[in-house]
Amino acid sequence: MVRAALYDATGTRQGEVELPEAVFGITPNVPVVHEVLTWQLARRRLGTHSTRTRGEVRGGGRKPWRQKGTGRARHGSRRSPLWVGGGITFGPKPRDYAYPLPRRVRRLAVRSVLADRAREGRLTVVDGLPLAGGRTRELAGFLERLGLAGRKVLLVTERHDPIVVRAAANLPGVTVLTARTLNVHDLVTHPDVLLTREALGAVAALWGGEPDGR
């Protein structure tokens, strides 16, 4: 049975909450996490790099010197890759680095990181957020009461909340995601995870069990 600390909206500890075994009770699969992280970073690459081949380099229309009788090696164009300023052989060209990866593997990686955070005690559940005014000061004070001030925190809500996003915008290291947009890269780069009570149920419904066609 996996449990996490539960706090109310004032930052007072209310005990512990039981976490769903289907998500937080599995054994983390490190190779799968690495595979999905590599896949996610590959999809982010722009792939706009480009070099010119000998057919794209300007100039070189005239033969540098005659074929025979000079004592030098024969050449037909200054655009040859052998020349400084010539074309590039097998250089990079624009390409798409994305490749397919089964949804089941991606879901397992997310569950693995969540389970690891829960086992390390780096996952906290809150019963509401004190953001009536939507100010950064309110969220900063709340994180300080939870002992998360100055840390890289991934704040997970049930659905997109503009007030929470605005309050966290000026807090370095704090990233806001919804339960549906959880991903391996953000989970790995944020050692602490903070979930609302509603988000915990959404995570269990979205990421537990078999793929649901998302």
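Residues numbered from 1 in each chain as written. Predicted model: local features only at pLDDT ≥ 70, side-chain atom pairs only at ≥ 80, totals over all residues. Heavy atoms only, no water.

S.K.: Looking at this structure, I do not really get the environment of Thr10. What am I missing?
M.R.: Tracing the sequence through the fold places Thr10 in the loop between β1 (3-8) and β2 (13-18). On a C-alpha basis, the gap between Thr10 and Pro130 in space is 6.9 Å, while along the polypeptide they are 120 residues apart. Excluding anything up to four places from it in sequence, Thr10 contacts Phe142 and Arg145. Of note is the side chain of Thr10, whose polar atom sits 3.1 Å from the side chain of Thr12. (Helix = DSSP H or I, 4+ residues; strand = E, 2+ residues; numbered from the N terminus. Contact = heavy atoms within 4.5 Å. Polar contact = N/O pair within 3.5 Å; in protein donor to acceptor, adjacent residues only side chain to side chain.)

S.K.: Quick question: what am I supposed to make of the packing of helix α3 (residues 103-119) against helix α7 (residues 197-207) here?
M.R.: Two quantities define a packed helix pair, namely the angle between the axes and the distance from one axis to the other. Their axes nearest at 11 Å, the elements α3 and α7 cross at an angle of 145 degrees. You can see that α3 and α7 cross each other, and the crossing is left-handed. Along its contact with α3, which presents Arg107, Val110, Arg111 and Leu114, the element α7 presents Val203, Leu206 and Trp207. When grouped by side-chain class, the residues that make up the contact of α3 with α7 number 5 nonpolar, no polar and 2 charged. (Axes fitted to C-alpha atoms, helices over the stretch in contact; angles between N-to-C directions. Left-handed = near helix turned anticlockwise from the far one by under 90°. Nonpolar A, V, L, I, M, F, W, Y, C, P; charged D, E, K, R; others polar.)

S.K.: Looking at this structure, I do not really get helix α2 (residues 30-44). What am I missing?
M.R.: The periodicity of an α-helix, 3.6 residues per turn, causes residues three or four places apart in sequence to face the same way. Given a rise of 1.5 Å per residue, 15 residues ought to cover 21 Å, and the 21 Å separating the end C-alpha atoms of α2 matches this to within 8%. Those residues of α2 not exposed but buried are Val32, Val33, Val36, Leu37, Trp39, Gln40 and Ala42. (Expected span 1.5 Å × (residues − 1). Buried < 20%, exposed > 50% of the residue type's maximum accessible area, 1.4 Å probe, protein only.)

These values are about where atoms sit, not about what they do.
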